[in-house]
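Observations on chain architecture
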Amino acid sequence: MSSTDEELDFDEESESPEPNGLSVLEAIAPTDEPNLGKGGLSIPELLPILPVRDTVAFPGTIIPLNVGREKSKRLIDDVLAGPKILGVVAQRNAEVEDPTLDDLYRIGTVVAVLKSLKMSEGNQSVIVHGLVRFGLEDITQSQPYLVARAHTRADTYVESTELEAMVETSRRQAARVIEMTPGVPDEAQTILANIEKPGSLADFLAANLSLDLVQKQELLETFDVLERLRKVNMALAKQISVLELSSKIQKEVKGQIDKSQREYYLQEQMRAIQKELGETDSREIELEELREAVEKAKMPEEVRKEADRELKRLTRIPQASPEYSGGIDYMHWLCDIPWSISTEDKLNIARAEKVLDADHHDLDQVKKRILEFLAVRKLKKDGRGPILCFAGPPGVGKTSLGRSIARALGRKFIRMSVGGVRDEAELRGHRRTYIGALPGRVMQEIRKAGANNPVFMLDEVDKLGSDARGDPSSALLEVLDPEQNYSFQDNYLGVPFDLSRVMFICTANYMEAVPPPLRDRMEVIDIQGYTQRDKQFIAKKYLVPRRREQTGLTARQIKFTDSALATIIESYTAEAGVRNLEREIGSVCRGVAAQVARRRKHPSVIGRNNLEDYLGPIKFEPELALRTSVPGVVTGLAWTPYGGVILFVEANSMPGKGHMQLTGQLGDVMRESAQAAYSLVRSNARKLGLDSKIFAQRDIHVHIPAGAVPKDGPSAGIAMYTALVSLLTERPCRPDVAMTGEITLRGLVLPIGGMKAKTLAAHRAGIKTIILPDRNKKDLVEVPADVRKQIKFVPVKTVAEVLANALTNGKPKSKKSAGRSSARSKKKRKGAKKKKSRVS
């Protein structure tokens, strides 16, 4: 039998069921169960079956059914001509067009057809009366419609107090649902009160509850009346809770709407009265000023929507409320941000080059990169700014270089130190839920600059901290990423701001302390330091005039000779930059200014001999010749965050059992280098002309002075090896030689880093020869040309080449200059009371 659209339909008096209540229908009046015995209505063994979609017919109820397809119409015509009895069964799947036994539920309702009505478009509607439940055994006929063998199923129950209580509870809950459901006719309460049998009451309530097909079919298949009433009560309780919550929500919404309408009406009346009296509300003036500020700010569309929304919200908030003042502050911040204000770049490359040269000496790599940026911006106006990072020791001009770049570009300059920042909210701001919340430092500085494309310098990024409040370096990832910062969102403002037009410049002393994800977003430019010649030029051109002006002196009152500046650089400062140099020049200028102010005689030209009067005794005295004039002392080179330095590797021996001691606060890597050097010396004892017994009879002590300073790294490997060989062979190292390089147990010399900084440190110390790994020759192009001319570079591949270029051929004739109390003869040195040199 082909199925048709048999759906539950209601006439004008029987409206669709309410979503949250009972559908009490006047047409569906419950009746007592039909008499199926003698003289009653008989149910045939073979029953015509009408499959229906999304509908369950219950005994004792009257419902209308729409019949639209030919097989269903044929069934209705045959039934009307006969006993007018058929079985109504719900389909499991409403989409099945021609259902079989497996597509139907096995429990349905025997109904009597009361009336048939012809509808428009050939459809037909029948009104049926549910009689009794039946069970579907099997299908005996499928054409022209379904006919099945069926047996009736009667309700089962036992009269009890529990059943009476369940019936009474069902009546009360149903009455409550009818009372709370709008649009239910008054007759529904009467119908409910006249139902006597428990099974009929359960079926009536089940037919009119808003349940889905599966739930209704479950009630139809529940033959125990007590259990069926229990399930109906649960459904009624759920309906009551939903209706109560819905009623509560409706009351609250209605109260809010009424209050808002009343406030709006009174506010409008107040405005009209004030207008007639010629008075103006201060709040209205404030809001009007904000509206004008929003118009002038020329915000992006997304930001403008947020500003308008906040203004509308402020009109509804009482002026005395703390939230009102917070909203006003937020609007002021939003209007003060330079959304559309930018400075025009000065793209004259020749002019920019002059500005950079006028402000800074040397730094050719940095200047070249800035001029490249200008050239790209000149060709492509909408290009994004670079993210540069100047890495180098203090005092080399990283921060002042940022100011010069801003001046060359014609942009505003912002400097923000992030050293010691531990709270992420300092950069991204606090959320507005906190009292006293403010935007982060990034947006605060943009607001101060008054332009959306400044040069923004983030100083000391290697000194960022982190704790339980967050990781500021992670917050900088978005700021310094050109692929993300076009929509940077501050926590306080809550709207995106385009940072891609900002030129970010970071500074750091030590790049190893910068987290790798942050370092990956920056273009690192190393500024290692200045030569003595560069420092003298900078002092004459920049530092002396600046300090002279700051102390109020004139060029006639104070001048510095070249020898005086050279002495200050060599003997009063020991740095890669010029910060201490400027400080010492300032001390001399202040001393002269004090004499001028007291009208005392003072030198107008500061020479080398005058420095001690103003700066005191010299602070740094070279000890190179003294320390390297004895066996076992070698000059090494090291790199620090503050530039390159020279360090001395000292080795000594004493009677013992072959132990080696390492001192000088050495790190694990440096200790391993010393162990490797000692093992290499022992393995090459025969080649070095050493008796192998000496290693079992002597203890070795390796020390690196400045014991309060931690030291680590592999680059002192060849210096330690050379010091041990020098000690054991009694061949001093040449005093003008310094070395750097890592060693292996095979005697190979491996490359190291920081070659430029180490070379500059050696140049400052007066070193004439540097021994370096052969694979570091390529790094010498970074060393200034004048330094390369004054120093001899010896690239080596093995430790044998190191010894050939570092050690002298003969033994020292005297140890007196190395600090021995008196000269000793060769015979006394071999005695049991032999003493080694004492290093000052």
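That block above? That's the structure.
Please read these numbers as outputs of a predicted model, since none were measured by experiment. In every chain, residue numbers begin from 1 and rise along the written sequence. Local features are withheld for residues below a pLDDT of 70 in this predicted model, meaning they are given only at 70 or higher, and side-chain atom pairs are given and counted only at 80 or more; totals for whole chains, interfaces and linings count all residues. Side-chain measures were taken over the full set of non-hydrogen atoms in the model, leaving aside hydrogen atoms and water.

1. Topic: the overall build of the protein chain
Operational definition: Helix numbers and strand numbers start at the N terminus; a helix is a DSSP run of H or I with at least 4 residues, a strand a run of E with at least 2. Throughout this description, buried means an accessible area under 20% of the type-specific maximum (1.4 Å probe, protein chains only), exposed means over 50%, and partly exposed covers the range between. Residue contacts are defined here by distance: any two heavy atoms, one from each residue, within 4.5 Å place the two residues in contact. All accessible areas in this document rest on Shrake-Rupley with a 1.4 Å probe, and a residue is counted as covered only by the protein chains that are shown.
A tally of regular secondary structure across the protein chain gives 28 helices and 24 strands. Looking at the 840 residues of the protein chain, the share that counts as buried comes to 48%. Within the protein chain, contacts between residues at least 6 apart in sequence are counted, and of these 74% link residues at least 24 apart. By element, 50% of the accessible surface of the protein chain is carried by carbon and sulfur atoms, the whole surface being about 42,600 Å².

2. A word on the sheet that holds strand β13 (residues 523-526)
Picture the strands of a sheet paired through backbone hydrogen bonds; they go either parallel or antiparallel. Just so we agree on the cut-off: Pairing between strands is defined by DSSP: at least two bridges between them are needed. In this analysis an axis means a line fitted to C-alpha atoms, helices contributing only their contacting stretch, and an angle means the value between N-to-C directions, from 0 to 180 degrees.
Sheet architecture is open: five strands sit in the order β8-β9-β12-β7-β13, paired in parallel fashion. Edge positions in the sheet fall to β8 (413-417) and β13, since each of these pairs with one other strand and no more. Going across the sheet, the axis of each strand differs from the next one's by a mean of 20 degrees, ignoring polarity. Summarising the sheet, strand β9 (residues 455-459) and strand β12 (residues 503-508) pair through four bridges and their orientation is parallel.

3. So, the packing of aromatic side chains
For any pair of aromatic rings, the description rests on two quantities: the centre-to-centre distance and the angle between the ring planes. Threshold: Between the rings of Phe, Tyr and Trp (Trp by its six-membered ring), a pair exists once the centres lie within 6.5 Å; its type follows the angle of the planes, with under 30 degrees stacked, over 60 edge-to-face, and the other angles tilted.
Under the counting rule described, the total for this entry stands at five aromatic pairs. Both rings, one in Tyr330 and one in Tyr492, keep their centres 5.7 Å apart while their planes meet at 65 degrees; by these two values the pair is edge-to-face. Here the residue Tyr330 occupies a position in helix α9 (residues 322-336), and Tyr492 occupies one in the loop between β10 (488-489) and β11 (496-497), the gap between them amounting to 162 residues. For Tyr330, a relative accessible area of 0% puts it in the buried group.

4. As for the side chain of Lys73
Mapped onto the elements, Lys73 comes out in helix α1 (residues 70-81). Apart from residues lying up to four places away in sequence, Lys73 is in contact with Val67, Gly68, Gly122, Asn123 and Gln124.

5. Some thoughts on the nonpolar core
Most often, soluble globular proteins keep nonpolar side chains buried together rather than apart. Just so we agree on the cut-off: As used in this record, nonpolar core signifies buried Ala, Val, Leu, Ile, Met, Phe, Trp, Tyr and Cys residues forming a set joined through side-chain atoms within 4.5 Å.
In this structure, Met331, Leu334, Leu458 and Leu480 are the most contacted members of the largest nonpolar core, which totals 54 residues. For this core, the leading source of residues is α9, giving seven residues. Not counting chain neighbours up to four residues away, the residues in contact with Leu458 comprise Met416, Val418, Leu476, Leu480, Phe504, Ile505, Cys506 and Thr507. Grouped together as the second largest cluster of nonpolar side chains are 50 residues, Ala148, Leu192, Val225 and Leu226 included.

6. As for the sheet that holds strand β16 (residues 633-640)
Judged by pairing direction, the sheet is mixed, and its seven strands sit side by side in the order β18-β19-β17-β16-β20-β23-β24 without closing on themselves. Looking along the sheet, the strands with just one partner apiece sit at the ends: β18 (660-663) and β24 (792-796). Shown here is a sheet whose adjacent strand axes are inclined to one another by a mean of 30 degrees, direction ignored. One ladder, built from six bridges, connects strand β17 (residues 643-655) with strand β19 (residues 698-703); its direction is antiparallel. Among the inter-strand pairings, Pro655 is bridged to a residue of β19, identified as Arg698. Lying on the sheet, helix α22 (residues 668-683) is in contact with β18 and β19; it crosses β18 at an angle near 150 degrees. Docked against the sheet, helix α25 (residues 755-764) engages β16, β17, β23 (769-773) and β24, running at close to 75 degrees with respect to β17.

7. Describing the layout of surface pockets
Which parts of space are left empty comes out when a probe the size of a water molecule is rolled across the atoms. To keep it simple, the criterion reads: Think of a 1 Å grid over the protein atoms and nothing else: a 1.4 Å probe that fits but is trapped marks a cavity, an open set flanked by protein within 12 Å on at least five of seven lines marks a pocket, and residues with an atom within 4 Å of a point count as lining. Grid points are joined across faces, edges and corners, and a volume is the space filled by probe spheres set on the points.
By volume, the second largest pocket amounts to about 570 Å³. Gly395, Gly397, Ser400, Arg546 and Val578 are, among the 26 residues lining the second largest pocket, the residues nearest its centre. Every element with two or more residues in the lining of the second largest pocket is listed here: α12 (398-409), α17 (532-550) and α19 (579-597). It is α17 that provides the largest number of residues to the lining of the second largest pocket, a total of five residues.

8. What about the pattern of salt bridges?
Cut-off, in case you're wondering: Just to be clear on terms, a salt bridge is a Lys or Arg side-chain nitrogen sitting within 4 Å of an Asp or Glu carboxyl oxygen.
Under the definition given, this model contains 42 salt bridges. Where Lys619 meets Glu584, a salt bridge forms, and the shortest distance between an N and an O atom there is 2.9 Å. Separated by 35 residues along the polypeptide, Lys619 in the loop between α20 (611-615) and α21 (624-627) and Glu584 in helix α19 bring together distant segments of the chain. The residue Asp736 makes a salt bridge to Arg734 at a minimum N-O spacing of 3.7 Å.

9. Quick look at unusual backbone geometry
Here the bond from Gln143 into Pro144 is cis, since omega is 0 degrees, no more than 30 degrees from zero. Secondary-structure assignment places Pro144 in the loop between β5 (124-141) and β6 (147-153). One non-glycine residue, Glu730, lies in the positive phi region at around 60 degrees. Within the fold, Glu730 resides in the loop between α24 (717-729) and β20 (737-739). Owing to a relative accessible area of 26%, Glu730 belongs among the partly exposed residues under this scheme.

10. Things to note about the environment of His332
Of note, His332 is situated in helix α9. Classification of His332 as partly exposed rests on a relative accessible area of 37%. On a C-alpha basis, the gap between His332 and Val294 in space is 9.3 Å, while along the polypeptide they are 38 residues apart.

11. Section: the packing of α22 against α24
Defined as follows: The cut-offs work like this: below 35 degrees is roughly parallel, past 145 is roughly antiparallel, 65 to 115 is roughly perpendicular, and the gaps in between are oblique. Two helices crossing with the near one rotated counterclockwise from the far one by less than a right angle form a left-handed crossing, whereas a clockwise rotation gives a right-handed crossing.
Closest axis-to-axis distance for the α22/α24 pair is 9 Å, and the angle between their directions is 40 degrees. Here α22 lies oblique to α24, going by the angle between them. Like other packed secondary-structure pairs, α22 and α24 cross with a definite hand, here right-handed. Where α22 abuts α24, its residues Met670, Ser673, Ala674, Ala677, Tyr678, Leu680 and Val681 lie against Gly717, Met720, Tyr721, Leu724, Val725 and Leu728.

12. Section: a nonpolar patch on the surface
As a reminder of what qualifies: Here the term patch refers to residues with relative accessible area over 30% and no salt bridge, with like charges joined within 9 Å and nonpolar side chains (Val, Leu, Ile, Met, Phe, Trp, Tyr) within 5 Å.
A contiguous nonpolar surface patch, about 340 Å² in accessible area, is contributed by Leu245, Ile249, Val253 and Ile257. Within the secondary structure layout, Leu245 lies in helix α6 (residues 225-277).

13. Side note on helix α5 (residues 213-220)
How we decide: Arc, as used here, means the arc of the directions from the helix axis to the C-beta atoms.
Along α5, the residues that are buried comprise Leu213, Lys216, Gln217, Leu219 and Leu220. The buried residues of α5 occupy one face: seen down the axis, they fall within an arc of 155 degrees.

14. A word on the packing of helix α7 (residues 282-297) against α9
Contact pair α7 / α9: the axes reach a minimum separation of 9 Å and the direction vectors enclose 25 degrees. If you check the angle between α7 and α9, you find them roughly parallel. The two elements α7 and α9 meet at a crossing, and its hand is left-handed. Where α7 abuts α9, its residues Arg283, Glu286, Leu287, Leu290, Ala293, Val294 and Ala297 lie against Tyr324, Ile328, Met331, His332 and Cys335.

15. Brief notes about the side chain of Asp203
Mapped onto the secondary structure, Asp203 falls in helix α4 (residues 198-208). Excluding residues that lie within four positions of it along the chain, Asp203 makes contacts with Phe58, Pro59, Thr61, Arg133 and Arg228.

16. As for the pairing of β18
Consecutive residues of a regular strand have side chains that alternate between opposite faces of the sheet. Side chains of β18 alternate between two faces, with Met660 and Leu662 buried and Gln661 and Thr663 left unburied. Pairing geometry for β18 and β19, over four bridges, is parallel. Across the sheet, Met660 pairs through a bridge with Ile700, a residue of β19.

17. A few points about the state of the cysteines
By definition, a disulfide links the sulfur atoms of two cysteine residues through a covalent bond. Our working definition: Cysteine sulfur atoms are paired as a disulfide whenever they come within 2.5 Å of each other.
Applying the stated rule across the entire model yields zero disulfides. Cysteine Cys389 shares no disulfide, and the gap to the nearest cysteine sulfur, in Cys506, comes to 5.4 Å.

18. A word on the environment of Ser160
Here Ser160 shows up in the loop between β6 and α2 (161-180). A residue is classified by how much of its surface remains accessible, and Ser160, at 28% relative accessible area, is partly exposed. Residues Ser160 and Leu226 lie 66 residues apart in sequence; the distance between their C-alpha atoms is 9.7 Å.

19. A word on helix α18 (residues 562-572)
With respect to burial, α18 is a largely interior element, eight of its 11 residues being buried. Regarding α18, the residues found buried are Ala564, Leu565, Ala566, Thr567, Ile568, Ile569, Ser571 and Tyr572. Turning to α18, the residues buried within the fold contact α17, β14 (559-560), α19, β15 (605-606) and α20.

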